[in-house]
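# Summary of structural features
Take a look at the letters that make up each chain.
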Amino acid sequence: MKTYISLWPAAASLPEFPRSVAILGATGSIGASALKVMDRHRDLFTVTALAGGRNGTRLAELCATFRPPFAAVLTDAARRDFLANLPAGYSPTLLVGPEAYTELAAMDGVDIVLSSIVGAAGFEPTLAAARAGKMIGLANKESLVLGGHIIRSACHESGAVVLPVDSEHNALFQGLQGHGRDEEISRLILTASGGPFRGRSAQSLAGVTRAQALAHPNWSMGAKISIDSATLMNKGLEVIEACHLYGLPVSMVHVVVHPQSIIHSLVEYVDGSQLAHLGTPDMQVPIAHCLCFPRRVEVDVPRLDLASTGSLTFEEPDLEAFPCLRLAREAFDAGPSHPVVLNAANEVAVDAFLDGRIGFTDIAATIGAALDRHAATDVSTPETVLELDREVREKIRHSI
Ligand code: NDP
Ligand code: MG
């Protein structure tokens, strides 16, 4: 077993401040939290590139504030909106299309790539950053689910550093500091809020609406991850993410439901000690930790006051009402191509649910059926990963 702690180059090889940052997914929820942190600490960062997807207007607003020399959008429509909304006298170099993100991720002069595109679209840019030896703030968990083995070996070769932005994995990362001996770890415990439907029976979930599923009790996030949280697929993807980040088998990564989202995860050592990370649930905290690592900086979030929080509670996840967590664990155990199928089926099913084409419980059913149909294939290269991803999406789109 190897952890990223033992995989890192010496801390001295982390970039000096001010650090030059490219944010992929700048127009999203993680992008907004990252820009809040960077705005508060302008002396520590240079914003070199901001990349959005389809929302050119929002990207133009962000660029007007932070004035990066490079920007990127996905579509021609977004390019038009972007250009129409730029302030006079400022014209960054604009890249357009899917290749823009890999180009920015590997660009000379960029120290940190914040990988915060949603979904499988984040895989190639994250891999490009890994191959280019960047310091990567990784929010895009889907890229590890698709090809954690490929990203890991790219990091080994280039000396790239992956710092986990996902709050649970950031908590684990902090709990693992200074304990580089793999045999001392007995298990990792990921906390899960349980989402908006915690406590509901499997039958009662069939008719839930889009709005109900999007209403996360503790975190404000993009639509896809909010639905993943409601199905517990988010926790399933996070179990796989943790296995890749910390080089552990799935049997050593546990999940406990903790509705208050105050404890963000725990590391258990062989002596029985459990080290927990606590804090107000706000993504600025793990983002600041990654962007500034190993330095700690002030972040504008309310301080945690345990006396006024009162009680913290814990329960087992209900795998009957929320089968996605079980499907993800099984997919990781089944081998590297099954998680690719799991992820592709989930993305198509979540889109279909958000568009009103399938019901909430059809999401897990669609993923389960795709995994049942799948016979393990070779996914040792990025091309084979992406080909399988494309095939699965096509088949499921036809069947929905
Ligand atoms: P959002 O939906 O809020 O933002 C997604 C971002 O990705 C937007 O900037 C969007 O651009 C961009 N984007 C979408 N599709 C593409 C594409 N095909 N090519 C390029 N860019 C694209 O998502 P979140 O910020 O919530 O989540 C981002 C990632 O971070 C996800 O992987 C999620 O699992 C992870 N994460 C999020 C957390 C959170 O609290 N939000 C917590 C932990 C992890 P546009 O809107 O302009 O189209
Ligand atoms: Mg998380």
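Residues numbered from 1 in each chain as written. Chains lettered and ligands numbered in written order. Predicted model: local features only at pLDDT ≥ 70, side-chain atom pairs only at ≥ 80, totals over all residues. Heavy atoms only, no water.

## Structural notes on the side chain of Glu-168
By the element assignment, Glu-168 lies in helix H8 (residues 167–175). The class of Glu-168 is buried, set by a relative accessible area of 7%. Among the polar contacts made by the side chain of Glu-168, one reaches the side chain of Ser-167 at a distance of 3.2 Å. Leaving out residues up to four positions away in the same chain, Glu-168 has contacts with Leu-190, Thr-191, Lys-235, Glu-238, His-264 and Ser-265. (Helix = DSSP H or I, 4+ residues; strand = E, 2+ residues; numbered from the N terminus. Buried < 20%, exposed > 50% of the residue type's maximum accessible area, 1.4 Å probe, protein only. Polar contact = N/O pair within 3.5 Å; in protein donor to acceptor, adjacent residues only side chain to side chain. Contact = heavy atoms within 4.5 Å.)

## Considerations on the confidence of the model for the protein
Overall, the prediction assigns the protein a mean pLDDT of 95, with 97% of residues at 70 or greater. Here helix H1 (residues 4–7) is the element of the protein with the lowest mean pLDDT, 43, and strand S3 (residues 70–73) is the one with the highest, 99. Ignoring residues within four places in sequence, the model shows residues 1–12, a span with pLDDT below 50, making 31 contacts including any to other chains. (pLDDT = per-residue confidence, 0-100.)

## Considerations on the coordination of the magnesium ion (ligand 2)
Donor atoms from the polypeptide that bind the magnesium ion (ligand 2) are Asp-166 (OD), Glu-168 (OE) and Glu-238 (OE), placed at 2.1 to 2.2 Å. One chain supplies every donor to the magnesium ion (ligand 2), and in sequence these donors are spaced D-x1-E-x69-E. Of the two residues, Glu-168 is situated in helix H8 and Glu-238 in helix H11 (residues 233–246); the sequence distance between them amounts to 70 residues. Accessibility expressed as a relative area gives 1% for Glu-238, which makes it buried. (Donors = N, O, S within 2.8 Å, 3.2 Å for Na, K, Ca; no water.)

## So, the environment of Gly-53
The residue Gly-53 is located in the loop between strand S2 (45–51) and helix H3 (56–66) in this model. Spatially, the C-alpha atom of Gly-53 lies 9.9 Å from that of Val-118, the residues being 65 residues apart in sequence. In this structure Gly-53 touches Thr-27, Val-73, Leu-74, Thr-75, Ala-78 and Tyr-101, once residues within four positions along its chain are discounted.

## Thoughts on the pairing of strand S10 (residues 263–269)
Of all seven residues making up S10, seven are buried, and the element is well covered by its neighbours. Bridging between S10 and strand S11 (residues 274–278) involves five bridges; their strand directions are antiparallel. From the neighbouring strand, Ser-265 faces S11, where its bridge partner is His-277. (Pairing = 2+ DSSP bridges.)

## Examining the sheet that holds strand S9 (residues 253–257)
Where strands meet in a sheet, backbone hydrogen bonds hold them as pairs that are either parallel or antiparallel. One open sheet accounts for four strands, arranged S9-S8-S10-S11; its pairing is mixed. In this open sheet, the two edge strands, each paired with only one partner strand, are S9 and S11. For this sheet, the mean inter-axis angle between neighbouring strands, taken without regard to orientation, is 20°. Most of the contacts of H8 go to S10, to which it runs at about 40°, and overall it touches strand S8 (185–192), S10 and S11. (Axes fitted to C-alpha atoms, helices over the stretch in contact; angles between N-to-C directions.)

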